[in-house]
Amino acid sequence: MAQQGVQLDQEQFCCSICLDLLKDPVTVPCGHSYCRTCIEGYWNQDDQRGTFSCPQCRHAFIPRPVLKRNTMLAEVVESLKKTGLQAAPPDHCYAGPGDVACDVCTGRRLKAVKTCLQCLVSYCDTHLQPHYQSPAFKRHQLVQASGELQENICSRHNEVRKLFCRTDQQCICSLCSVDEHKGHDTTSAAAERAERQKEVDKSQQNIQQRIQEREKDVKGLVESIKHRADRAVEDSDTIFTELISSMERRRSEVRQLIRDQQERQVSRAEELRRRAGQEVTELRRRHAELEQLSLTEDHIRFLQRYTSSLSTTSESTHPASSHVCPLRHFEDVTVAVSKMRDRLEDILTEEGTNVSETVNRVDVSLRDSLLHDADHAVAQSPEAHPPRPTLRPPASALLGAPRLVNPPLVSLSTPAEPKTRAEFLQYSRPITLDPNTAHQRLSLSKGNRKVTRMNTRQSHPDHPERFTGWGQVLSREALSGRWYSEVEWSGHCVIAVSHTDISRTGSGDECGFGWNDKSWSLYCTEQGYTFMHRGIETPIPGRVSSRVGVYLDHSAGTLSFYGVSDDTMTVLHTVHTTFTHNLHVGFGLYGYYPGSTAELLYELN
């Protein structure tokens, strides 16, 4: 009872923040005491709010109290320390759920820090000291605290298992070796551990060697990519520089041609102007003669000069304008250059598209290669898994991407496009997944309406319609007319609509949903959505929902994906095309995300 009283007194002198004896104790206005450093650190976190509270009673103080040392309490704590008493163990030192408790402690037991394999007992720090201090425990083997000591006891003879039977590959006790394991190849557990440890060390060395080789390969690959990319940039810059220089030369040539023609035509125009001046002078002279003739009063003389003057005047010198090119010829040059520009732009656009697609194919090939190698190293199988699409579209997304369209105009004889969730649900028809198409690592459940990605291969029989490289599955029923369904997904999931004749064998782009012209897919992750078709990625911004609606109007050529939350439907992506084949809904669950699921919901509400 005395011990309990001392224990109670000790707890009264513990700081409720650090759970240790008070150091430099101070008392706040509400009467509770703390270590000075503990309460100041606690209040420093409240500086921005402007209010300071007691950690125990939550009484608030404004402004921040000025702390003063509690002299009497400090003297009492120092006296406790001199008597050799220590604070009670803090709560975090006691064993809780999932901890290994000390087998010697009574009442509330402390956490065990070591387990003795000879005593088969777990000890806390206090009760472990005899094992360190007494020579009697010198040969006892201490290991990390373990709650699985019962596994070291033979259930039949209640003896410690210290031997290993190599014949039956199991640990046994000494009595087992002379009983049911008599005559077997046995050895000590320590000796067998030493042999097995050699194998473990060798495996570790092999793994470490593979890690180093892999890192070396990746490093070499990165350096090779950088080198080849730099070389491609340099070569491209050189080609474009030559192209620009060629254009500059051509521009200079055209400019010089125009200036040369200008000089020739100006020279001819100057000659024309000189001749025109002479003609004007001659015409003025004749004009003066005719004016003088008009002033002649003698009729006989007038008539005699009239005939000769009129005949001379009728002889006119016409300008040689035919020797000067028309002004419109210079405009024709501008038209010709404009046509050349248009043809060059067409060529650059067409070839630019080819260049972008070539660069994109390099990216796809590299990703497929890396993923194939990674899967082979992890799963020891040739299964290929596509990467999660990035949230940034490649350059090729700007060239030939599926065109977003508005809903088509509806005639009086055509049912209106659904707009609310209730209207979409009118076209909901239950469908199931086809087990014959499911990849070996996909497991179907809930009446073949749910698919789960597994770590191990499933016992699916061989079938010509089964996907062998991509973790995918198609629906059994084909989609026709207007069809709507909702999908509940988790992890990383690809929701797709695909032609029936999509390739099934291998890990090429012709088999993957969204990587070819026979499928349209929506990649769903916690980070966001990405639409894919022909290998072109289109990131979709917005909030992510775990339920996606899929709507198809086969005759109108409309396919839409919706994010569904309660009764709210948000358009994620819509494409408009012409469907010429039977279509099936499909799911893709790939190797890097085991446990991912997708479920076709049957009873929608």
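To be clear, the structure that these remarks concern was listed above.
All of the points below concern the structure found in this document. These figures come from a predicted structure and were not determined experimentally.

## Examining the pattern of salt bridges
One pass over the full model with this rule turns up 27 salt bridges. A single salt-bridge network, built from bridges that share partners, covers Asp24, Arg36, Glu40 and Arg69.

## Quick look at the packing of aromatic side chains
Aromatic rings in a pair are described by how distant their centres are and how their planes are angled relative to each other. Per the stated rule, a full pass over the model turns up 11 aromatic pairs. Taken together, the ring pairs connect Phe424, Tyr427, Tyr484, Tyr551 and Tyr562 into an aromatic cluster. The cationic tip of Arg504 hangs over the ring face of Phe467; the distance from NZ or CZ to the ring centre is 5.4 Å.

## Here's the deal with the environment of Phe424
For Phe424, the position within the fold is in helix H9 (residues 421-425). A sequence separation of 125 residues divides Phe424 from Gly549, and the C-alpha atoms of the two residues are 9.2 Å apart. In this structure Phe424 touches Pro418, Lys419, Tyr484, Tyr551, Tyr562 and Met569, once residues within four positions along its chain are discounted.

## Some thoughts on unusual backbone geometry
Trans is the common state for peptide bonds, and a negative phi is the common state for residues other than glycine. Residue Ile62 is joined to Pro63 through a cis peptide bond whose omega torsion reads 0°. Mapped onto the fold, Pro63 is located in the loop between strand S4 (60-61) and helix H3 (71-82). At Leu120, a position not held by glycine, the phi torsion is positive, near 55°. Relative to the elements of secondary structure, Leu120 occurs in the loop between strand S5 (114-116) and strand S6 (121-123). The phi dihedral of Lys446 falls on the positive side, at around 55°, and the residue is not glycine. Topologically, Lys446 is positioned in the loop between strand S11 (442-445) and strand S12 (450-453).

## Topic: helix H6 (residues 189-294)
Taking 1.5 Å per residue as the helical rise, H6 with its 106 residues ought to reach 158 Å, and the 150 Å between its terminal C-alpha atoms agrees with that figure. Taken together, the buried positions of H6 are occupied by Glu192, Val254, Gln265, Leu272, Glu279, Arg286 and Leu293.

## Some words on the sheet that holds strand S10 (residues 186-188)
If you walk across this open sheet you meet the three strands as S9-S8-S10, and the pairing is antiparallel. The outermost strands of the open sheet, each flanked by one partner alone, are strand S9 (170-172) and S10. If you compare each strand with its neighbour and ignore which way they point, the axes differ by 35° on average. Relative to S9, strand S8 (residues 163-165) is paired through three bridges, and the arrangement is antiparallel. Across the sheet, residue Phe164 finds its bridge partner in S9, namely Cys171. Strand contacts of H6: S8 and S10, with the helix running at about 90° to S10, the strand carrying the most contacts.

## So, the nonpolar core
Counting residues in hydrophobic clusters, the biggest one holds 34 residues, and the most contacted among them are Val451, Ile495, Leu559, Phe561 and Phe587. Leave out the neighbours within four places in its chain, and Val451 touches Leu433, Leu442, Ser443, Leu444, Val473, Phe587, Leu589, Ser596, Thr597 and Ala598.

## Some points on the side chain of Arg441
Its place among the elements puts Arg441 in the loop between H9 and S11. For Arg441, a relative accessible area of 9% gives the class buried. Within the local environment of Arg441, its side chain forms a polar contact with the backbone oxygen of Asn455, the two atoms lying 3.0 Å apart.

## Observations concerning a negative patch on the surface
Together, Glu345, Asp346, Glu350 and Glu351 line one region of the surface with negative charge. Within the secondary structure, Asp346 sits in helix H8 (residues 328-379).

## Considerations on a nonpolar patch on the surface
There is a patch of nonpolar side chains on the surface, built from Phe240, Leu243, Ile244, Met247 and Leu348 and spanning about 480 Å² of accessible area. In terms of residue count, H6 provides more of the nonpolar patch than any other element does, four residues in total. As for its position among the elements, Met247 is in helix H6.

## Quick look at the pairing of strand S23 (residues 597-600)
Residues of S23 alternate between two faces, with Thr597 and Glu599 on one and Ala598 and Leu600 on the opposite face, all of them buried. Bridge analysis of S12 against S23 gives three bridges, and the strand direction is antiparallel. By the bridge assignment for S23, Thr452 is matched with Thr597. As paired strands, strand S14 (residues 482-490) and S23 are joined by four bridges and run antiparallel to one another. From the neighbouring strand, Ser490 faces S23, where its bridge partner is Thr597.

Reading guide: rules and limits
- Residues numbered from 1 in each chain as written.
- Predicted model: local features only at pLDDT ≥ 70, side-chain atom pairs only at ≥ 80, totals over all residues.
- Heavy atoms only, no water.
- Salt bridge = Lys/Arg side-chain N within 4 Å of Asp/Glu carboxyl O.
- Phe/Tyr/Trp six-rings, centres within 6.5 Å; stacked < 30°, edge-to-face > 60°.
- Lys NZ or Arg CZ within 6 Å of the ring centre and 35° of its normal.
- Helix = DSSP H or I, 4+ residues; strand = E, 2+ residues; numbered from the N terminus.
- Contact = heavy atoms within 4.5 Å.
- Expected span 1.5 Å × (residues − 1).
- Buried < 20%, exposed > 50% of the residue type's maximum accessible area, 1.4 Å probe, protein only.
- Pairing = 2+ DSSP bridges.
- Axes fitted to C-alpha atoms, helices over the stretch in contact; angles between N-to-C directions.
- Core = buried A, V, L, I, M, F, W, Y, C linked by side-chain atoms within 4.5 Å.
- Polar contact = N/O pair within 3.5 Å; in protein donor to acceptor, adjacent residues only side chain to side chain.
- Patch = residues over 30% accessible without salt bridge, like charges linked within 9 Å, V, L, I, M, F, W, Y side chains within 5 Å.
- Areas by Shrake-Rupley, 256 points an atom, 1.4 Å probe, with all protein chains shown as cover.
- Lys, Arg positive; Asp, Glu negative; His and termini not counted.
- Charge placed at Lys NZ, Arg CZ, Asp CG, Glu CD.

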